[in-house]
Amino acid sequence: MAEPAVAVMAHHEEEDHAHHGPEGWLKYLWSTDHKVIAMQYMFTGMFMALIGGFMAYVFRMQLAFPGINVPGFGMVSPGEYNALVTNHGTLMIFWVAMPVLLAAFGNYLIPLMVGADDMVFPKINRLSFQIFFLSTIVILASLVVEGGGFAGAWTAYPPLSANETYNLTPLGSTLWVVGVGLEFVAFLLGGINFITTLMNSRAPGMRAFDVPIVVWMIVVASILFMLSVGPLLAGAIMLIFDQTLGTGFFDPATGGDPILWQHLFWFFGHPEVYVVLLPAIGVVAEIITTFARKKLFGYRIVIFTIVATGVLSFFVWAHHQFIAGIDPRMANIFTVTTLLISVPIAEMCFVYIATLYGGSIRLTTPMLWALAFIAEFLIGGVTGIFLGAAGADIYFHDTYFVLAHFHYTFFPIAIIGTFAAFSYWFPKMFGKMMDERLGKWHFWLTIIPFNFIFIPLFVLGMGGQHRRIYNYAHFPELAIPWFQNMRIVATVSLLVMLAAQLIFFYNCYKSWRRGQKAPRNPWRANSLEWTTESPPPHGNWRPDELPVVYRGPYEYSVPDRDDDYWPQSEPDGRGAR
Amino acid sequence: MRPIATTRAATGIATGKLAVWWVLASEVVIFGGLLASYVMFRLGHPEWADAAALTNTKIGAFNTLVLLTSSLTAVLAHQAAERGNGRLAARYLYMTIGGAATFIGVKTYEWWYEISHGYTITSNGFWAFYYSAAGLHAFHVIAGAVIMAVVARDAARNLELHRVELIGIYWHFVDIVWIFLFPLLYIAK
């Protein structure tokens, strides 16, 4: 999985400054350059996305056509089905959304956007990727060990996860916890680097409110992650002890409390939603300001809003546990906080729409992705209101409605957000322009099937279809032909969407090989990464050309200027700040 | 060679020190989650007091004293490093490592005694938390001592003297965690 990164970077390096240290491909394995580490994270994440997508293909085929011999996989046994859905969720969140959105784009963009030559701790950055890579090997190994992969859902609720006599995957479940735990350690190390780099290494003249929104978002997300993951890391150690030593933390049979795990998991799990949401929403801010040629509406308000969202996100976790036997008075409190948190998120959507209003909009591929993010995430957010209210959630809990809701949030975040960012910064990362025509085909052939996968699932959920069923034919009262047709629609749409990704890979390959050479600033954008070469050399700028900042990042269409953009580093004659 | 980024200090706080404080922030929530779980459990299980009564408060108190003293020598090492006296700083750091070794030695004896009397991590919920929390803390003591040995070796040659303060900050944190663990696991019977 490191191969593509090696190949791509090898191409760059020919033009770059001389490196010190090991030669050949080892150079890329041991590189401390933040751009190389970003590529390592990105290609590992994309590889894992292919595995996660393949898992979705296998279990959706089983749901639509029960008992089918799935091409490329074979018959799906009930145990395999459970392992597939469990690890699809685990991989897509911890090994796709996190490494690509947070780690890859965080690593790539933070030093470039704050005008630094690298992260403050390049070696810790490399260590972070190495631990992450180790976690990748562990989680992949957990799928193929004897007994099969862990099959107790990505939330790993005990007692199922705590005792091998219940889950029947003695090795798989322990490796699963170890892999997730290692991944957390990797992101803690990376997060410390991100936060410290933003705080300390900004270019001269760059004040807190001159920092592009996406950098703010990634750093706030890193802080949220750091402050929420600790209890779950402790919980992971306790769970490993339960599994391997037979301690009594979570398993009631040995005196434990399974609800405690739910609290530890969701105290992390809900802020985690915002950990991955914030980078995506930040990417969208960069793209819509660039392609609407307009200043971001309410820059400071957006920043205060993310901080408020972050604080509030620590007080909503029990809305995942409304039917777990928690005190109904507690459920009321968590209903109120959950509905409250929709206010700042809705506000961010309004801010973006206000930014678009009156702009001179260019519908490039990245802009299409960014607009789709707002539209699709809105559906995810609005359906969340139903689930946040305890009364409605008791009916919807564990139905396909929940599943469709969180895919309408996570798909825009992890897939739409990633494609938006990737197509926007592709010219900077690889020095070539992407093919717009192929990009738009890929966009439409991803977005339309996506809606046809999950809108039927909302309908299934409202009809009371339970989400953890391997074969509906086993449950005559649930096996309604019309609902089965809905499942077939969803599965066929998934096949179309997966096939459309071939366009994306072909576009990447074609643009990289034969694409038009990208200038420094192809989008005529303001932030600092566009002032250096595409792709940037080792050290990002020549040491004597490191940028100095004179203004904020969103000065588009300023009256009385010839250009409709005003780079952050362009002197205005009033001297440095 | 360090990147230019590492040498900048827009906040006015040295980058290394800033990072150590963020490391501590992430550690606080790890121990916080574990101890909050313990406290919630303990409130629901008054019978754990019987198990807690079996822990040896005197040995715990002795170890508390050892750790507090090792924090003192860490401060003296920082003071020496501030004056540019790397050899003296290294000597104080080695004394701190000695404190860590004493702490771990005493802990080993204590655990050996308890395990040989049949109180193991699977005995009941109290012992599960007792060994997990103290074990996680002991892991931090050992890791801190190893890093301190590296820092001390450099400091003796007057290299990277600013790191003496950084490892000291971490060491005080390890100390403070024990200040929470000692009453929770030993004194509260």
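Within every chain, residues take consecutive numbers counted from 1 along the sequence as written. Going through the entries in the order they are written, you letter the chains from A and number the ligands from 1. A pLDDT threshold of at least 70 governs which residues receive local features in this predicted model, and a stricter bar of 80 or more applies before side-chain atom pairs are shown or counted, although totals over entire chains, interfaces and linings include all residues.

Points about the overall build of chain B
Piece 1. What counts as a helix is a DSSP run of H or I of at least four residues, what counts as a strand is a run of E of at least two, and both are numbered from the N terminus. A tally of helices and strands in chain B yields seven helices and zero strands.
Piece 2. Starting at the N terminus and ending at the C terminus, chain B contains elements arranged as α-α-α-α-α-α-α.
Piece 3. Considering only residue pairs separated by 6 or more positions, chain B has 79% of its internal contacts joining residues 24 or more positions apart. Think of it this way: build a C-beta for each residue from its backbone, and any pair within 7 Å is a contact.

Some words on the overall build of chain A
Piece 1. A count of helices and strands for chain A gives 16 helices and zero strands.
Piece 2. Taken over the C-alpha trace, chain A has a radius of gyration of 24 Å; the compact-globule value for 577 residues is 25 Å, and the two agree within 12%.
Piece 3. Taken along its principal axes, the extent of the C-alpha atoms in chain A is 75 × 55 × 45 Å.
Piece 4. Within chain A, the fraction of its 577 residues that count as buried is 56%.
Piece 5. A fraction of 80% describes how many contacts in chain A between residues 6 or more apart in sequence connect residues 24 or more apart. Here the globule rule is a power law, 2.2 Å times the number of residues to the power 0.38, and the radius of gyration is based on C-alpha atoms. Residue burial is a threshold on neighbouring C-beta atoms within 10 Å of the residue's own C-beta, all placed from the backbone, with 20 or more meaning buried, 12 or fewer meaning exposed, and counts in between meaning partly exposed.

Remarks on the environment of Trp95(A)
Residues and elements named next belong to chain A.
Piece 1. Note that tryptophan 95 resides in helix H4 (residues 78–114).
Piece 2. The exposure class of tryptophan 95 is buried, given the 26 C-beta atoms found within 10 Å.
Piece 3. Considering only alpha carbons, one finds tryptophan 95 and aspartate 544, 449 residues apart in sequence, at a separation of 38 Å.
Piece 4. Once you skip the residues sitting within four places of it in the chain, tryptophan 95 turns out to touch Gly45, Met48, Thr136 and Ile139.

Looking at the packing of helix H3 (residues 34–64) of chain A against helix H5 (residues 122–144) of chain A
Residue and element names in this part refer to chain A.
Piece 1. Between the N-to-C directions of two axes lies an angle of 0 to 180 degrees, each axis being a line fitted to C-alpha atoms and, for a helix, fitted only over the stretch in contact. Close contact between H3 and H5 brings their axes to 10 Å; oriented N to C, the two are set at 15°. In terms of their interaxial angle, H3 and H5 are classed as roughly parallel. Crossing hand, H3 versus H5: left-handed. In this structure, H3 uses His34, Ile37, Gln40, Tyr41, Thr44 and Met48 to contact H5, whose residues at the interface are Asn125, Arg126, Phe129, Phe133 and Thr136.
Piece 2. Of the residues belonging to the contact of H3 with H5, the class tally is five nonpolar, five polar and one charged. Under this scheme an angle from 65 to 115 degrees is roughly perpendicular, one under 35 degrees roughly parallel, and one over 145 degrees roughly antiparallel; angles in between are oblique. Crossing handedness follows the turn of the near helix against the far one: under a right angle anticlockwise gives a left-handed crossing, and clockwise gives a right-handed one. Lys, Arg, Asp and Glu make up the charged group, whereas Ala, Val, Leu, Ile, Met, Phe, Trp, Tyr, Cys and Pro make up the nonpolar group; the residues left over, Gly among them, are polar.

Comments concerning the interface of chain B and chain A
Piece 1. With 29 residues of chain B at the contact, the number on the chain A side is 38 residues.
Piece 2. The dominant element in the side of chain B that touches chain A, judged by the number of residues it contributes, is helix H2 (residues 15–44) of chain B, at 14 residues.
Piece 3. Tallied by class, residues from the side of chain B that touches chain A come to 17 nonpolar, 11 polar and one charged.

Focus: the nonpolar core
Piece 1. Core membership is restricted to buried Ala, Val, Leu, Ile, Met, Phe, Trp, Tyr and Cys residues, and these are joined into a nonpolar core through C-beta atoms within 7 Å. Counting residues in hydrophobic clusters, the biggest one holds 232 residues, and the most contacted among them are Ala97(A), Val215(A), Val276(A), Val284(A) and Ala420(A).
Piece 2. No other element matches the 23 residues that H4(A) contributes to this core.

A look at helix H5 (residues 86–116) of chain B
All names here are of chain B.
Piece 1. Between its terminal C-alpha atoms H5 stretches 44 Å, which fits the 45 Å expected from 31 residues at 1.5 Å a residue.
Piece 2. Considered for burial, the residues of H5 that qualify are Gly86, Ala89, Ala90, Tyr92, Leu93, Thr96, Gly99, Ala100 and Phe103.
Piece 3. In this fold, the buried residues of H5 make contact with helix H4 (57–82), helix H6 (125–156) and helix H7 (162–187).
Piece 4. Downstream of H5 by one or two residues, glycine 118 has phi in the positive range, about 95°. One less than the number of residues in a helix, times 1.5 Å, gives the span that helix is expected to have.

Focus on H4(A)
Note on helix geometry: an α-helix contains 3.6 residues per turn, so any two residues three or four positions apart are oriented the same way.
All names here are of chain A.
Piece 1. With 37 residues, H4 extends 50 Å between its outermost C-alpha atoms, agreeing within 8% with the 54 Å of an ideal straight helix rising 1.5 Å per residue.
Piece 2. Maximum bend of H4: about 45°, positioned at proline 99.
Piece 3. H4 sits mainly inside the fold: 32 of its 37 residues count as buried. To get the bend at any residue, fit one axis to the seven residues that end at it and another to the seven that begin at it, then take the angle between the two axes.

Considering the packing of helix H8 (residues 213–244) of chain A against helix H9 (residues 258–292) of chain A
Two quantities define a packed helix pair, namely the angle between the axes and the distance from one axis to the other.
Residues and elements named next belong to chain A.
Piece 1. Where H8 meets H9, the closest approach of the two axes is 8 Å, and the angle between their N-to-C directions is 160°. Here H8 is positioned roughly antiparallel relative to H9, judged by the angle of their axes. As H8 packs across H9, the resulting crossing turns out to be left-handed.
Piece 2. Split into classes, the residues belonging to the contact of H8 with H9 amount to 26 nonpolar, three polar and two charged.

What about the confidence of the model for chain B?
Detailed reading of the predicted model is not advised wherever pLDDT is low.
Residue and element names in this part refer to chain B.
Piece 1. Across chain B, the average pLDDT comes to 95, with 100% of residues at 70 or higher.
Piece 2. Confidence of the predictor at the level of single residues is given by pLDDT, which spans 0 to 100. Put simply, helix H1 (residues 4–7) is where chain B has its lowest mean pLDDT, 90, and H5 is where it has its highest, 97.
Piece 3. Interface scoring of the predicted complex returns ipTM 0.94; its pTM is 0.93.

Here's the deal with the confidence of the model for chain A
Piece 1. Averaged over every residue, the pLDDT of chain A is 92; residues scoring 70 or more account for 95%.
Piece 2. Below pLDDT 50 for its whole length, residues 1–19 of chain A participates in 26 contacts with residues either more than four positions away or in separate chains.

Some words on the environment of Thr120(B)
Piece 1. Relative to the helices and strands, Thr120(B) is located in the loop between H5 and H6.
Piece 2. Residues Thr120(B) and Tyr130(B), spaced 10 residues apart in sequence, show a C-alpha to C-alpha distance of 9.6 Å.

Looking at the environment of Thr15(B)
Piece 1. Within the secondary structure layout, Thr15(B) lies in helix H2.
Piece 2. Residues Thr15(B) and Ala5(B) lie 10 residues apart in sequence; the distance between their C-alpha atoms is 9.3 Å.

Some remarks on unusual backbone geometry
All names here are of chain A.
Piece 1. Residue proline 159 follows proline 158 across a cis peptide bond; omega there is 5°.
Piece 2. Within the element layout of this structure, proline 159 appears in the loop between H5 and helix H6 (164–167).
Piece 3. The step from serine 534 to proline 535 runs through a cis peptide bond, and the omega angle for that step is -10°.
Piece 4. Looking at the secondary structure, you find proline 535 in the segment after helix H16 (481–514).
Piece 5. Positive phi values are uncommon outside glycine, yet leucine 168 reaches one of about 60°.
Piece 6. Here leucine 168 shows up in the loop between H6 and helix H7 (170–200).

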